[in-house]
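An overview of the molecular structure
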Amino acid sequence: MEIEERQAVLTGLAPQGPSGRRPSVAKHVLIGLVAGSVVLGGVLVLLPPHRRTAPPPSSGPAARAATAVVAGMPVALPDLVALIGDHEAHVRAHPRDERSWAVLGAAYVEQGRRTAASAYFPKAEQALRTSLETKPKGNLTALEGLAALANARNDFRTGRKWAEEALKLAPKRWTAYPLLIDSCSGLGDYKASRGALEKLQGLHHGPPVLAEAAQVYWDRGWREDAVASLADAAAAATAPTERATWLAQTGRLAWERGDREESLRYYEAALSIDPDQYGALAGQGRALAALGRSAEALRAYRTALAQEPDPRYALELGELYETLGVRDAAQTQYALLRERVRTDAAAGVDDELVLGLFEADHGDPEDAVRRLREEWARQPGVAVADALGWALHRTEEDEEALKFATQATDKTKGGGVRSALYVYHRGQIERELGLLAPARRHLAESLQINPYFSPVLAPQARHDLAALGEPPAEPPARAEGRDPGGNGGRGGAAGHRRESGEPGEPGGYPSTQATRAGTGTTAFGVTLTGDR
């Protein structure tokens, strides 16, 4: 299915119209700080020998946007469009102004990220590299812009390289640290992301730092600290778009905790302030579906996708249609997802994680394993560990699957985030292996974290938990002079090992495709960070 871009690909004119992008706005707002430069196509060879560094004339919305991106604050989308048009005109007249190229490049990154219009990313890269070639040394804003671009493309290894390069030149420049934190988190290096946050907090304060801290706290499992940090960010907001951004982020955390009503209230509040928060609109659809308000949920998802064709939203909407028995509509969304992924790939965006989850349950699980193994080699984060473990489970490679599922959920292995979906996946893999006690524990935990994490999987978790039954009673006290179980010490011990969930023991449901058919994944429980 063809996907229409919300805005035309830039050919020397600023795209027009509102836009909006991912729910994880707090983690990305600081990319606007990468003030730099943009080229409008092959212009380097035509640059005159003189250099103009005067800022472009701007006023009104463009001036507001410039102030916001330099300060690391969320930008109102109409103001962002005005800023792009202003700087495009300026660099045409002054093609040696490397700072204006970088500001324009950063604006392209933000526009592409928030509208899911990935065609902006090659333009941003061309612009930022023009800035860097115009000023090869000490061009910190261009380096930060390239880091932000890589993160927006989900290329966290490259993002980390550029962020570290910027920090080598200016270790006290606080604007590079949020970019480094995002990169390290995407690579699964949570120790490095925590260290970068500590340095950031020592250099700067304010809503962007509080929002960045909230995501790091959430990844560590510090849920209350994360919510408190976001509440402080919202309270300190000085512009409507800022406040809407942090409210939408708080709605996401409420959803992850399983509070449908509170999540919906936060999303509605964000949208009442800034209707261009399309990530909040998709989140609203998620909460409405959990509340059983399916017609409203469908409208919210369709509107969000019309403005921001993010493949994750297409997966969620497709699965919602499946639960409602509308399979043709679900297939339409899955076709949209595949087309979106192809479009993104052409612009350098890595959508392998969402595509792998989709293929595991709605396409080719073997292909999902192949894709996710490659993704794991590139950037071994918790979300990739969970997805790869689940794909391996779907191809009946459960022993290896459990290793990855454990890594995604075990704090000692980096999985500090408490995700109902991740824990559910682990419980189902353990159930398939006959590890009944941990399977029971993890299926129950998934429902405790978020009883509504998926309209497909939450009911499945309840069904399978009931089928597992209550834990067996303690074995009778050992008779004097006899081993437990009475069979030469083997019977009771073996029974205990089965219930404790040690590998290799019989028990649980048979490993059949029929059993697996009811345990497919869904995007509803996926943590959205673009996200990271």
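What counts, and at which threshold
Each chain carries its own residue numbering, running from 1 in the direction its sequence is written. Local features are withheld for residues below a pLDDT of 70 in this predicted model, meaning they are given only at 70 or higher, and side-chain atom pairs are given and counted only at 80 or more; totals for whole chains, interfaces and linings count all residues. Calculated side-chain values reflect all of the structure's heavy atoms, with hydrogen atoms and water omitted. For the purposes of this entry, the term helix denotes a DSSP run of H or I that reaches at least four residues, the term strand denotes a run of E that reaches at least two, and both are numbered from the N terminus. Exposure categories follow from relative accessible area, calculated using a 1.4 Å probe and restricted to protein chains: below 20% of the type maximum is buried, above 50% is exposed, and the middle band is partly exposed. Areas reported as accessible are Shrake-Rupley estimates using a 1.4 Å probe. Residue values count occlusion only from the protein chains shown. Each Phe, Tyr or Trp ring (for Trp, its six-membered ring) is paired with any other whose centre lies within 6.5 Å, and the angle between the two planes then decides the class: stacked below 30 degrees, edge-to-face above 60, tilted in between. A positively charged side chain is recorded as over a ring if its NZ (Lys) or CZ (Arg) lies within 6 Å of the ring centre. The angle to the ring normal must also be within 35 degrees. You can read pLDDT as the predictor saying how much it trusts each residue, on a scale of 0 to 100. Any two residues whose heavy atoms approach within 4.5 Å at even a single point are treated as in contact. Definition of a polar contact: a pair of N or O atoms within 3.5 Å, with one able to donate and the other able to accept a hydrogen when the atoms are protein atoms, and with sequence-neighbouring residues admitted only if both atoms are side-chain atoms. One fewer than the residue count of a helix, multiplied by 1.5 Å, yields its expected span. Salt bridge criterion: a side-chain nitrogen from Lys or Arg within 4 Å of a carboxyl oxygen from Asp or Glu. Axis geometry follows a simple rule: fit a line to the C-alpha atoms, using only the stretch in contact for helices, then measure angles between N-to-C directions, giving values from 0 to 180 degrees. Each angle is binned into one of four classes, with values under 35 degrees roughly parallel, values over 145 roughly antiparallel, values of 65 to 115 roughly perpendicular, and all other values oblique. Crossing handedness is defined as follows: a turn of the near helix away from the far one that is anticlockwise and smaller than a right angle gives a left-handed crossing, while the clockwise case is right-handed. Each residue receives one of three labels: charged for Asp, Glu, Lys and Arg, nonpolar for Ala, Val, Leu, Ile, Met, Phe, Trp, Tyr, Cys and Pro, and polar for the others, Gly being one of them.

1. A look at the overall build of the protein chain
Scanning the protein chain from N- to C-terminus turns up 25 helices and 0 strands. Per-residue burial over the protein chain gives 59% buried out of 532 residues. Working note: accessible area of the protein chain is about 20,500 Å², and carbon and sulfur atoms make up 53% of it.

2. Regarding the packing of aromatic side chains
Applying the stated rule across the entire model yields 6 aromatic pairs. When the centroid spacing of 6.2 Å and the interplanar angle of 45° are considered together, the rings of Trp-390 and Tyr-424 count as tilted. Taken together, the residues Trp-390 in helix 19 (residues 382-394) and Tyr-424 in helix 21 (residues 420-432) connect sequence positions 34 residues apart. Considered together, Trp-390 and Tyr-424 belong to a single accessibility category, that of buried residues. Measuring from ring centre to ring centre gives 5.7 Å for Tyr-424 and Phe-453, while their planes differ by 50°; the resulting arrangement is tilted. A residue pair is termed long-range when its members are at least 10 positions apart, and Tyr-424 in helix 21 and Phe-453 in the loop between helix 22 (436-449) and helix 23 (457-468) qualify at 29 residues. One exposure class covers both Tyr-424 and Phe-453, and it is buried. Taken together, the aromatic side chains of Trp-390, Tyr-424 and Phe-453 make up a single cluster linked through ring pairs. Over the aromatic face of Trp-162 sits the side chain of Lys-161, whose NZ or CZ is 4.4 Å from the ring centroid.

3. A few points about the confidence of the model for the protein chain
Taken as a whole, the protein chain shows an average pLDDT of 81; of its residues, 77% reach a score of 70 or greater. pLDDT under 50 marks residues 1-52. Its contacts with residues more than four places away, or in other chains, come to 209 contacts.

4. Considering the side chain of Asn-151
Here Asn-151 lies in helix 5 (residues 140-152). By relative accessible area, which is 3% here, Asn-151 ends up buried. Among the polar contacts made by the side chain of Asn-151, one reaches the side chain of Ser-183 at a distance of 2.8 Å. Look past the residues within four positions of Asn-151 in its chain and what remains in contact with it is Phe-156, Gly-159, Leu-179, Asp-182 and Ser-183.

5. Considering helix 9 (residues 207-220)
Between its first and last C-alpha, helix 9 extends 20 Å over 14 residues, near the 20 Å set by a 1.5 Å rise per residue. In terms of residue burial, helix 9 counts as a mostly covered element, since 12 of its 14 residues are buried.

6. A few points about the pattern of salt bridges
Side-chain pairs of opposite charge can arise whenever the charged atoms involved come near each other. In this structure the tally under the stated criterion is 28 salt bridges. The residue Arg-114 makes a salt bridge to Glu-110 at a minimum N-O spacing of 3.8 Å. A residue pair is termed a helical-turn pair when its members lie 3 or 4 positions apart in one helix, as Arg-114 and Glu-110 do in helix 3 (residues 98-115) at 4 residues. Taken as a pair, Arg-114 and Glu-110 share a single burial class, namely buried. Residue Arg-338 is joined to Glu-359 by a salt bridge in which the shortest nitrogen-to-oxygen separation is 3.5 Å.

7. A few points about the packing of helix 15 (residues 311-323) against helix 16 (residues 327-346)
Two elements in contact, helix 15 and helix 16, have axes separated by 8 Å at closest approach and are oriented at 165°. When the axis of helix 15 is compared with that of helix 16, the two are roughly antiparallel. Regarding helix 15 and helix 16, the two cross each other, and that crossing is left-handed. Contacts between helix 15 and helix 16 involve Pro-311, Ala-314, Leu-315, Leu-317, Gly-318, Glu-319, Tyr-321 and Glu-322 from the former and Arg-327, Ala-329, Ala-330, Gln-333, Tyr-334, Leu-336, Leu-337, Arg-340, Val-341 and Asp-344 from the latter. Within the contact of helix 15 with helix 16, the residues separate by chemical class into 11 nonpolar, 2 polar and 5 charged.

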